[in-house]
Amino acid sequence: MTSHHGGPTGGPWPRPVIRLPHEQDLFARGRGAQDHIADAITAFAGSMAFVYVHMVWFAGWIMINEGLFGQAAVFDPYPFGLLTMIVSLEAIFLSTFVMVSQNRQAARDTIRADLNFEASVRSEVWSTNLGRALGLNPEEIERQTQELIATSRVKMNDEMGRPQA
């Protein structure tokens, strides 16, 4: 009898002999304080809170500098050269933070792809050996697998409107 919460006898599952490293563990090893800061800035810049803060900031800036609170409060008269410079600098820095985060995501995707490849190779080796132990012909199973993959690709390409290769 097999339980969803345990091994075949209902007890705890045995620990695996072979343990693949977890992608998050590998990725976390390479993160420094600068990476945490870049991720936090990028996360905030991609939020609606960022949009709302800027709406209030721009509205306040324009109202002050259009003289709504008196001419003495005006410090950046129209065409708002100081505001334009600040926003331009902000855009430069934000685009840099986005690129840093994209580079880190690309590195994370590479780690994930490497681990997935390793897991796939392990699965293939185990499956082949188990099949042989059960008396199955690996070549015949591979032929059937290739046929199924080809059929699946044709169907997927048809559904997506792609030309056949």
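Structure shown above.
Keep in mind that this is a model prediction, so the values were computed, not measured. (Residues numbered from 1 in each chain as written. Predicted model: local features only at pLDDT ≥ 70, side-chain atom pairs only at ≥ 80, totals over all residues. Heavy atoms only, no water.)

> Explain helix α3 (residues 48-65) residue by residue, including any values.
Along its 18 residues, α3 runs 26 Å from first to last C-alpha, staying within 8% of the 26 Å computed at 1.5 Å per residue. Along α3, the residues classified as buried are Phe-50, His-54, Gly-60, Trp-61 and Asn-65. Buried residues in α3, looked at end-on, bunch into an arc of 135°, giving them a common side. Seen from the open side of α3, the exposed residues pointing more than 90 degrees away from its buried face are Met-55 and Val-56. At the C-terminal side of α3, Gly-67 shows a positive phi close to 90°. (Helix = DSSP H or I, 4+ residues; strand = E, 2+ residues; numbered from the N terminus. Expected span 1.5 Å × (residues − 1). Buried < 20%, exposed > 50% of the residue type's maximum accessible area, 1.4 Å probe, protein only. Arc of directions from axis to C-beta.)

> Requested: an account of helix α5 (residues 138-160), with residues and values cited.
Between its terminal C-alpha atoms α5 stretches 32 Å, which fits the 33 Å expected from 23 residues at 1.5 Å a residue. If you check the start of α5, you find a side-chain oxygen 3.0 Å away from the backbone N of Glu-139, and it comes from Asn-137. Where α5 terminates, the next one or two residues include Gly-161, which has phi positive at roughly 75°. (Polar contact = N/O pair within 3.5 Å; in protein donor to acceptor, adjacent residues only side chain to side chain.)

> Mind laying out the environment of Glu-139, listing which residues take part and the relevant values?
Along the polypeptide, Glu-139 turns up in helix α5. Sequence separation of Glu-139 and Thr-128 is eleven residues, and the distance between their C-alpha atoms is 9.7 Å.

> Which residues make up a nonpolar patch on the surface, and what values go with them?
Taken together, the side chains of Phe-75, Leu-82, Met-85, Leu-89, Ile-92 and Phe-93 make up a nonpolar region of the molecular surface, amounting to roughly 590 Å² of accessible area. Turning to its location among the elements, Phe-75 is positioned in the loop between α3 and α4 (81-133). You can call Phe-75 partly exposed: its relative accessible area is 45%. (Patch = residues over 30% accessible without salt bridge, like charges linked within 9 Å, V, L, I, M, F, W, Y side chains within 5 Å. Areas by Shrake-Rupley, 256 points an atom, 1.4 Å probe, with all protein chains shown as cover. Salt bridge = Lys/Arg side-chain N within 4 Å of Asp/Glu carboxyl O.)

Limitation: the analysis is restricted to geometry and does not speak to function.
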